[in-house]
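# Close look at the chain arrangement
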Amino acid sequence: MLLAVNWVLLSLGTSLLIILTQPIAPVPAQEPAAPVIIETTNTPEASPPETSESSQTETKTEEVETPQSDSVTEEPTEPELSPEEIARQQTLIEADKLYLAGNIAEAEKLYRQVKEPFSKTVTNQERKAAILDPAQLSPGGKVYWRESEAGIAKKLQTRIIVPLQLLVDQYPEFIPGHIRFAEVLKQYDRSQEALNVLERAVSLYPNQPTLIQAKINALTDEKKWMEASLVARQFALLNPNDPQAPKFSKLAAENLNRFKSHIRAEIRGNTITNIITGAIGYAVTGSLLGPFSALDSTIMLLQGEEKIGESVANQAKRQLNLVEDEIVTAYVNDIGEKLVKAAGREEFNYEFFVIPLEDLNAFALPGGKIFINAGAIAKTNSEAELAGLLGHELAHTVLSHGFQLVTQGNLIANVTQYLPFGGTIGQLFSLSYSRDMERQADNLGTRLIVASGYAADGLRNLMVTLEKQQKNIIPTWLSSHPGGSERVSYLENLISRGGYNRYSYEGVERHLEVQAQVKQLMKERKEKEQEQQKQRS
């Protein structure tokens, strides 16, 4: 008990030092961006992506747990390709060659030959063009608008809300209607309903700056700074040519800094709790590992998302036996580098690592550290599909999803470290993204692969394969990432409505070459493990 008391005194002193040396004010809104660094080894000429529709991918984004055992799960022999599948593959290879040679029109003809039209797209409903001026409303819409104005003048709640509800339901294209409806609901202390109105409107018209601004304002009023930052950043990233994109980038940085400042204040408040937790842990376990882990996690969060990702990545690299083959790592880094250039956040030191596991899996850590399993290369059909997987994970990093979850779960992580399979690292490796976060990552990830020159349906094709595999067993990636027909339909509609090009670079030939290299490496690894088992027995 005396040692526990000593620990508390030591921790209090250390924590006071941390608190006093940490800046209270948020970092300036726009910090100078550090150059993007991606570890790449002699990256060969990159081939464009392939978005094969039947991607044989078991996308596994297992929220990496600590290295399970050394044994590798035996997998059934892969079925041989049918003559039709071989012919399709060859056509895509020819199309890729034409694409790389600059014969885009000829390449597109071949891509179209082997890519069937989307079958799961809900409809080809044309969304009506947004209306910003009440004068453009139909007579019925004008009546609702005038009624709401009259209600506002007389301060009659029902006379305001009822016509506005009818207006946004019947004329969702009228942007000012959504904004006014949300403002009125907020006035009557119905803030969550106001946010729901704006969320629905933004989902229908995501490229309307006035709507985005209204949602950001509503979120900041509720002190939801991280969410406000994500909304602003997503608009800036997805609409780089919009005149207001720089303004939204600035808003994203400002709100992120507000969130960080809030977290610093929260962490300072939780420091005493963490110290007590550490003391209890020491008293219970007799080990200083717990107390210092509690203190370390507090320090880490105060230092920011890149420090968190770097710290956990370093531990992961020590625990996981990474693939170091130059051909494989260069291939993954090459794809990652293309995506990073389109992502728009240059303050992170991006790194991509390959884990020698056979599952189709990938996960992202805060601050730009992306890990993928070798199985992601072995089980995808093209570079475009692999880019779709990486783009999705990169989007989580770019949108600070992991950092948001980690900061919210800091105290829980410090408490659970004394339980089996608990601890901060375990918490970070098992980030459970919300449905909204997944939707954002799908959206941004698809746009990243399009901006990088890949076929737009890379991620969609990956999901089609995963959906087929679900009939027997849920792939690990889908255990933490929602899948199924609904997600495929969402991606198809996203591509169709956005006018994104499906008939672009697939990258089949290079992918097959690297895939063969990966399979050979995994075979050698398995044989080595079997030999070691024999020697031990």
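Now for a look at the structure at hand. What you see is a predicted model, and the numbers here were worked out from it, not measured in a lab.

Within the protein chain, the regular secondary structure consists of 23 helices and three strands. The buried share of the protein chain, taken over its 537 residues, is 52%. In the protein chain, 77% of the contacts between residues at least 6 apart in sequence involve partners at least 24 apart. Carbon together with sulfur atoms contributes 54% to the accessible area of the protein chain, which is approximately 25,200 Å² in total.

Bringing helix H8 (residues 209–221) into the picture now. Over its 13 residues, H8 extends 18 Å from the first C-alpha to the last, a length consistent with the 18 Å expected when each residue adds 1.5 Å. Burial within H8 is extensive, with ten of its 13 residues counted as buried. Turning to H8, its buried residues number three or more, namely Pro-209, Leu-211, Ile-212, Gln-213, Ala-214, Lys-215, Ile-216, Ala-218, Leu-219 and Thr-220. A positive backbone phi angle near 60 degrees is found at Lys-223, which sits one or two residues after H8.

This paragraph deals with the sheet that holds strand E1 (residues 351–355). Taken in spatial order, the three strands of this open sheet run E1-E3-E2, and their pairing is mixed. Two strands in the sheet have a free side with no partner beyond their single neighbour: E1 and strand E2 (362–365). Ignoring which end each strand starts from, the neighbouring axes of this sheet average 20 degrees apart. By the bridge criterion, four bridges tie E2 to strand E3 (residues 369–373) in an arrangement that is antiparallel. Residue pairing in the sheet places Ala-362 in a bridge with Ile-372 of E3.

What follows is about the nonpolar core. Within the largest apolar cluster, 78 residues are counted, with the highest numbers of intra-cluster contacts made by Phe-371, Ile-372, Leu-386, Leu-390 and Leu-394. When residues of this core are assigned to their parent elements, the largest contribution, eight residues, is made by helix H15 (residues 383–398). With residues up to four places along the chain from it excluded, the contact list for Phe-371 reads Ala-313, Ala-316, Lys-317, Leu-322, Phe-353, Ile-355, Ala-362, Phe-363 and Leu-365. Counting 39 residues, the second largest nonpolar core, distinct from the first, contains Ile-179, Ala-182, Val-184 and Tyr-205.

Let us look at the packing of aromatic side chains. This structure, assessed with the given rule, holds seven aromatic pairs. Between Phe-235 and Phe-248 the ring centres are 4.7 Å apart and the planes differ by 55 degrees, which places this aromatic pair in the tilted class. With Phe-235 in helix H9 (residues 225–238) and Phe-248 in helix H10 (residues 245–285), the pair connects residues that are 13 residues apart, well separated along the chain. Phe-248 shares its class with Phe-235; the two are buried. The rings of Tyr-99, Tyr-454 and Tyr-505 are connected pair by pair, giving a single aromatic cluster. Across the ring face of Tyr-490, the terminal group of Arg-439 is positioned such that the distance to the ring centre comes to 4.0 Å. Lying over the aromatic face of Phe-118, Arg-502 brings its terminal NZ or CZ to 4.0 Å of the ring centre.

Across all of its chains, the model carries 20 salt bridges by this definition. Asp-457 serves as the salt-bridge partner of Lys-115, at 2.9 Å between the closest nitrogen and oxygen. With Lys-115 in the loop between helix H3 (104–114) and helix H4 (139–154) and Asp-457 in the loop between helix H19 (435–451) and helix H20 (458–469), this residue pair connects regions lying 342 residues apart in the sequence. Here Asp-457 falls in the buried class, since its relative accessible area comes to 0%. Each of Lys-115, Asp-457, Arg-502 and Glu-506 takes part in one network of salt bridges that share partners.

All right, on to unusual backbone geometry then. Of note in this structure, Asp-189 is not a glycine but carries a positive phi near 60 degrees. Tracing the backbone through its elements, the reader meets Asp-189 in the loop between helix H6 (175–187) and helix H7 (191–204).

A few words now on the pairing of E1. With five of five residues buried, E1 is to be regarded as a mostly interior element. Both faces of E1 are covered, namely the face carrying Glu-351, Phe-353 and Ile-355 and the face carrying Phe-352 and Val-354. Pairing analysis gives five bridges linking E1 to E3, with the strands arranged parallel. What sits directly across from Ile-355, in E3, is Asn-373.

Taking 1.5 Å of rise per residue, 16 residues should cover 22 Å, and H4 covers 23 Å from first to last C-alpha, within 8% of that figure. Buried within H4 are the following residues: Gly-141, Tyr-144, Trp-145, Ser-148 and Gly-151. Down the axis of H4, the buried side of the element spans an arc of 120 degrees, and every buried residue falls inside it. For H4, exposure combined with an orientation more than 90 degrees from the buried face picks out Pro-139, Ala-153 and Lys-154. If you follow the buried residues of H4, they end up packed against helix H5 (157–170) and H6. Directly after H4, the chain includes Lys-155, whose backbone phi takes a positive value near 55 degrees.

Time to look at the pairing of E3. The buried fraction of E3 is high, at five of five residues. Of the two faces of E3, the one carrying Lys-369, Phe-371 and Asn-373 and the one carrying Ile-370 and Ile-372 are both buried. Connecting E2 to the antiparallel partner E3 that follows it, the hairpin turn spans three residues, and Gly-367 within it adopts a positive phi of roughly 85 degrees.

Moving on: the side chain of His-511. By the secondary structure assignment, His-511 is in helix H23 (residues 508–536). With sequence-adjacent residues up to four places away left out, His-511 is seen in contact with Tyr-331, Ile-377, Thr-380, Asn-381, Ser-382, Glu-383 and Leu-386.

A few words now on the packing of H7 against H8. Viewed as axis vectors pointing N to C, H7 and H8 meet at an angle of 150 degrees, and their least axial separation amounts to 10 Å. Overall, the two elements H7 and H8 adopt an arrangement that is roughly antiparallel. Judged by the sense of rotation from one axis to the other, the crossing of H7 with H8 is left-handed. Residues Leu-195, Leu-198, Glu-199, Ala-201 and Val-202 of H7 touch H8, and the partners they reach there are Leu-211, Ile-212, Ala-214, Lys-215, Ala-218 and Leu-219. Taken together, the residues of the contact of H7 with H8 break down into nine nonpolar, no polar and two charged.

Let us now look at the environment of Val-114. Of note, Val-114 is situated in helix H3. Note: C-alpha distance between Val-114 and Leu-92 (22 residues apart in sequence) is 7.7 Å. Excluding residues that lie within four positions of it along the chain, Val-114 makes contacts with Arg-88, Thr-91 and Leu-92.

This brings us to the packing of helix H13 (residues 326–343) against H19. Following both chains from N to C, one finds H13 and H19 inclined at 110 degrees, their axes separated by 9 Å at the closest point. When the interaxial angle is binned, H13 and H19 end up roughly perpendicular. For the pair H13 and H19, the contacting residues are Leu-339, Ala-342 and Ala-343 in the first and Leu-448, Ile-449 and Ala-451 in the second. A class-by-class count of the residues in the contact of H13 with H19 yields six nonpolar, no polar and no charged.

What counts and what doesn't
- Residues numbered from 1 in each chain as written.
- Predicted model: local features only at pLDDT ≥ 70, side-chain atom pairs only at ≥ 80, totals over all residues.
- Heavy atoms only, no water.
- Helix = DSSP H or I, 4+ residues; strand = E, 2+ residues; numbered from the N terminus.
- Buried < 20%, exposed > 50% of the residue type's maximum accessible area, 1.4 Å probe, protein only.
- Contact = heavy atoms within 4.5 Å.
- Areas by Shrake-Rupley, 256 points an atom, 1.4 Å probe, with all protein chains shown as cover.
- Expected span 1.5 Å × (residues − 1).
- Pairing = 2+ DSSP bridges.
- Axes fitted to C-alpha atoms, helices over the stretch in contact; angles between N-to-C directions.
- Core = buried A, V, L, I, M, F, W, Y, C linked by side-chain atoms within 4.5 Å.
- Phe/Tyr/Trp six-rings, centres within 6.5 Å; stacked < 30°, edge-to-face > 60°.
- Lys NZ or Arg CZ within 6 Å of the ring centre and 35° of its normal.
- Salt bridge = Lys/Arg side-chain N within 4 Å of Asp/Glu carboxyl O.
- Arc of directions from axis to C-beta.
- Parallel < 35°, antiparallel > 145°, perpendicular 65-115°, else oblique.
- Left-handed = near helix turned anticlockwise from the far one by under 90°.
- Nonpolar A, V, L, I, M, F, W, Y, C, P; charged D, E, K, R; others polar.

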